[in-house]
Amino acid sequence: MTFAAPIYLLLLVPWIGALVWVLLGRADFARVSTTQFWDKTDTTSTTRRGIRNPPLAMWLLLASALLVILSATGLSISRTTPTRTLLIVDRSIASLPWAIADSSTRSKFADQTFDLRTVPATTEAPVEVSKLTNSLRSLRATATRVDADSIKSAIESALTKGHQQVIVITAQPLEITDNRVWIVHPSQQIDNAGIAAFAVVQSPSPQAMVRIWNDTPMDKAELSVDKVKQTIELPPRGQTRDYFIDLPYVTRWTIARLTIDDAIDADNVAYVVQEGSRPRVEAISAIPDSVARIIAIHNQDADASLPPITIGDRPKVGQPAIILTQGENKLAGALQVQDHPVTRGIDWPAVASRLVEKTSVTGSPISAADLVWINSGGQVLLAGRREQVWIGFDLRAIESTPDFVLLLSNAIDWLGKRGQSVIQSELPRVLESGWVRVGDDPLPIDAAPGVYQRDEKGGAFHVAMTLPAIRPTKSAESPAPAWQPSLVNRTVSLSLWALIGAIG
């Protein structure tokens, strides 16, 4: 209890004197008769001294005076209250599953009340929650990935809008040094495996290639492509391996499924869909024999009526083309990869290791209008424009790997989409109205992987969406100390309330 103007406490001296006088001060008493039966009145009774209870009105008058004095002194009290804490939850498919399953994460905040906000946010205003376990279980993943900038933006917004503490639950590392922000990472290594790449060909015979990423202690799992099932030996932890499965035929859409007990189910299923015809590929200059074999296989079921895709070192203006080069330089540094249909599903670190062994990189005629997809220390290795794909390294460096086939197939498919689509898949996204999911039940994610169909006048159109293997890792940062809610001292003025009480 504090006083802004303690000098007014001196007024308590006369107030205490008045209180004592009211309680102790008394006049003499004499008993008289109500009728005059005799002339003399008895006044021999003694005066009684002591504390007696005054009338209620006198008590109220004294209380009113006391409250006026306390109001004049600026009476206030201090109390300790918890700070406002905002809990931000990363709702990507890589972060939310372990946040729901990890009991140690929930126990850190047991019996606490938070303002809860999610990224991506379903609403700008945070929602107050007191039962974190139930709140996390009610959330659905809303994105395949949440970038760090979105989380940092949410943190900055919270700190500027009055929250004294911010707690972030995410599986991705964040470089934040503000002592008001707590980053909660997985408490242990996340055991997860998934399908990193999936491709299907029809000729020379129907076959599927499935690339499996394994980050679990298990060494065996079941892999199925449509109705063909087999038990596979998983690659060592932290590595990938390609599996080739012969198929009796290729259906309209093909599903690959990895059956394994791991942390995330969404990346254990992959989809491709076959839609329409494929244009022919024609060589217009000398090309490696390995590239010629890929072209021959591709053209077996290509549509000769569609404009062809040319391949070689001299593209024709205005015609879809794949431009090949023969490199003379060494790789300048680590590869920087942009996500694009041409780059997806390829093990670029493995490609880089082969390029380091050989002098296979060439100079680049790339203009400012071109899209650079792969570069290394300023060297452009893969780029494109609306009708052309430019490969800035010698394909013979990787011709003995599945990545060689995937790169050429991706480039042909991307250029061929100008007219008709082919056997392909894309990253999950939220589709516009009119698309209906077909096949098995969707996963608990808004942009769920799967095959979707849209009916139009020209017939039914399909799109396949696949989530590549998620590779969450335990944070390498040193663990933060156990979070405790901060307490702040707040001063509450009672002067106004004392004055109101005195008037009352």
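None of these values were measured; they are calculated from a predicted model.

K.L.:
Sorry if this is basic, but what is going on with the confidence of the model for the chain here?
P.N.:
Should the pLDDT be low somewhere, the predicted coordinates at that spot are not to be read in detail. Per-residue confidence for the chain averages 78 on the pLDDT scale, and 78% of its residues sit at or above 70. Taking the mean pLDDT of every element in the chain, the minimum, 63, falls on strand S25 (residues 487–493) and the maximum, 94, on strand S10 (residues 220–225). Between residues 476–481, whose pLDDT stays under 50, and residues either more than four places distant or in other chains, the model counts five contacts.

K.L.:
Would you mind going over the pairing of strand S9 (residues 207–215) with me for this structure?
P.N.:
For a regular strand, the rule is simple: side chains alternate between the two faces of the sheet. Of all the nine residues making up S9, eight are buried; the element is thus mostly covered by neighbouring parts of the structure. Bridge count between strand S8 (residues 192–201) and S9: nine bridges; the pairing is antiparallel. Each residue of the ladder has a partner; that of Ala199, found in S9, is Met209. Count of turn residues in the S8/S9 antiparallel hairpin: five residues. Bridge count for S9 against strand S12 (residues 239–246) is eight bridges, and the pairing is antiparallel. Following the sheet pairing, Asn214 is matched in S12 by Gln239.

K.L.:
Explain a nonpolar patch on the surface to me, please; I cannot follow it from the model alone.
P.N.:
Residues Ile7, Tyr8, Leu10 and Leu11 make up a contiguous nonpolar surface patch of roughly 430 Å² in combined accessible area. As for its position among the elements, Tyr8 is in the loop between strand S1 (2–3) and helix H1 (12–24). Exposure remark for Tyr8: the relative accessible area of 40% places this residue in the partly exposed category.

K.L.:
I tried to follow the sheet that holds S9 on my own but got confused; where do I start?
P.N.:
Think of a sheet as strands paired side by side through backbone hydrogen bonds, with each pair either parallel or antiparallel. On the basis of which strands lie adjacent, the open sheet formed by three strands has the order S8-S9-S12 and antiparallel pairing. Since the sheet does not close on itself, it has two edges, and those belong to S8 and S12, each with one partner. On average, each strand axis in the sheet is inclined to that of its neighbour by 20°, with strand direction left out of account.

K.L.:
Please explain H1 as it appears in this structure.
P.N.:
Because an α-helix packs 3.6 residues into every turn, residues spaced three or four apart end up facing the same way. With 13 residues, H1 should reach 18 Å at 1.5 Å per residue; the first-to-last C-alpha distance of 18 Å fits that figure. Buried within H1 are the following residues: Trp15, Val22 and Leu23. Axial view of H1: buried residues confined to an arc of 95°, hence all on one face. Along H1, the residues that are exposed and aim more than 90 degrees away from the buried face are Val13 and Trp21.

K.L.:
Explain the pairing of strand S7 (residues 181–184) to me, please; I cannot follow it from the model alone.
P.N.:
Burial of the side chains of S7 extends over both faces: Val181 and Ile183 are buried on one face and Trp182 and Val184 on the other. Both strand S6 (residues 165–169) and S7 contribute to a ladder of four bridges, which runs parallel. If you follow Ile167 over to S7, its bridge partner there is Trp182.

K.L.:
Looking at this model, I keep getting lost on the sheet that holds S7. Mind explaining?
P.N.:
Pairing within the open sheet is mixed, and its five strands lie in the order S5-S4-S3-S6-S7. Here the strands that pair on one side only, and so sit at the sheet edges, are strand S5 (127–129) and S7. Strand-to-strand twist in this sheet, taken as the mean axis angle between neighbours without regard to direction, amounts to 30°. In this structure, strand S4 (residues 114–119) lies alongside S5, joined through three bridges in antiparallel fashion. In the strand pairing of S5, Leu116 is matched with Val127.

K.L.:
What is the right way to read the packing of helix H7 (residues 289–299) against helix H9 (residues 402–416) from this model?
P.N.:
Each pair of packed helices can be described by the angle between their axes along with the distance between the axes. As a packed pair, H7 and H9 sit with axes 11 Å apart at the nearest point and diverge in direction by 55°. With respect to H9, the element H7 is oriented oblique. You can see that H7 and H9 cross each other, and the crossing is right-handed. When H7 is examined against H9, the residues Ser290, Val291, Ile294 and His298 are found in contact with a partner set consisting of Phe404, Val405, Leu408 and Ile412. Of the residues in the contact of H7 with H9, the class split is six nonpolar, two polar and no charged.

K.L.:
I keep staring at the packing of helix H2 (residues 56–72) against helix H10 (residues 495–503) and nothing clicks. Help me out?
P.N.:
At their nearest, the axes of H2 and H10 sit 8 Å apart, and the two run at 155° to each other. Looking at the two axes, H2 sits roughly antiparallel to H10. H10 is crossed by H2, and the crossing has left-handed handedness. In contact with Ser64, Leu67, Val68 and Ser71 of H2, H10 contributes Ser495, Ala498, Leu499, Gly501 and Ala502.

K.L.:
Looking at this structure, I do not really get the nonpolar core. What am I missing?
P.N.:
Generally speaking, soluble globular proteins have nonpolar side chains that are buried together. Ranked by internal contacts, the top residues of the largest apolar core, which has 36 residues, are Val291, Ile322, Leu382, Ile391, Leu395 and Leu407. If you list the elements that add at least two residues to this core, you get H7, strand S16 (309–312), helix H8 (348–357), strand S19 (371–376), strand S20 (379–385), strand S21 (388–391) and H9. For this core, the leading source of residues is H9, giving eight residues. Contacts of Ile322, omitting those with residues within four sequence positions, involve Ile309, Thr310, Ile311, Gly312, Val389, Ile391, Ala411, Ile412 and Leu415. The next biggest cluster of nonpolar side chains, apart from the first, holds 22 residues, and it includes Ile195, Val210, Ile212 and Ala270.

K.L.:
Whenever I open this one, H7 confuses me. Can you help?
P.N.:
Turning to H7, its buried residues number three or more, namely Ser290, Val291, Ile294, Ile295, His298 and Asn299. Down the axis, H7 shows its buried residues gathered within 170° of arc, on one side only. Residues of H7 that are exposed and point over 90 degrees away from its buried face: Asp289 and Arg293. Elements in contact with the buried residues of H7: strand S15 (281–283), S16 and H9.

K.L.:
It is not clear to me how the side chain of Thr216 should be interpreted in this structure. Could you clarify?
P.N.:
Counting through the fold element by element, Thr216 comes out in the loop between S9 and S10. Using a relative accessible area of 1% as the deciding quantity, one classes Thr216 as buried. A polar contact is formed between the side chain of Thr216 and the side chain of Asn214, at a distance of 2.7 Å. Not counting residues up to four positions away in its chain, the partners in contact with Thr216 are Asp191, Asn192, Ala193, Arg237, Ile260 and Asp262.

Reading the values: rules and limits
- Residues numbered from 1 in each chain as written.
- Predicted model: local features only at pLDDT ≥ 70, side-chain atom pairs only at ≥ 80, totals over all residues.
- Heavy atoms only, no water.
- pLDDT = per-residue confidence, 0-100.
- Helix = DSSP H or I, 4+ residues; strand = E, 2+ residues; numbered from the N terminus.
- Contact = heavy atoms within 4.5 Å.
- Buried < 20%, exposed > 50% of the residue type's maximum accessible area, 1.4 Å probe, protein only.
- Pairing = 2+ DSSP bridges.
- Patch = residues over 30% accessible without salt bridge, like charges linked within 9 Å, V, L, I, M, F, W, Y side chains within 5 Å.
- Areas by Shrake-Rupley, 256 points an atom, 1.4 Å probe, with all protein chains shown as cover.
- Salt bridge = Lys/Arg side-chain N within 4 Å of Asp/Glu carboxyl O.
- Axes fitted to C-alpha atoms, helices over the stretch in contact; angles between N-to-C directions.
- Expected span 1.5 Å × (residues − 1).
- Arc of directions from axis to C-beta.
- Parallel < 35°, antiparallel > 145°, perpendicular 65-115°, else oblique.
- Left-handed = near helix turned anticlockwise from the far one by under 90°.
- Nonpolar A, V, L, I, M, F, W, Y, C, P; charged D, E, K, R; others polar.
- Core = buried A, V, L, I, M, F, W, Y, C linked by side-chain atoms within 4.5 Å.
- Polar contact = N/O pair within 3.5 Å; in protein donor to acceptor, adjacent residues only side chain to side chain.

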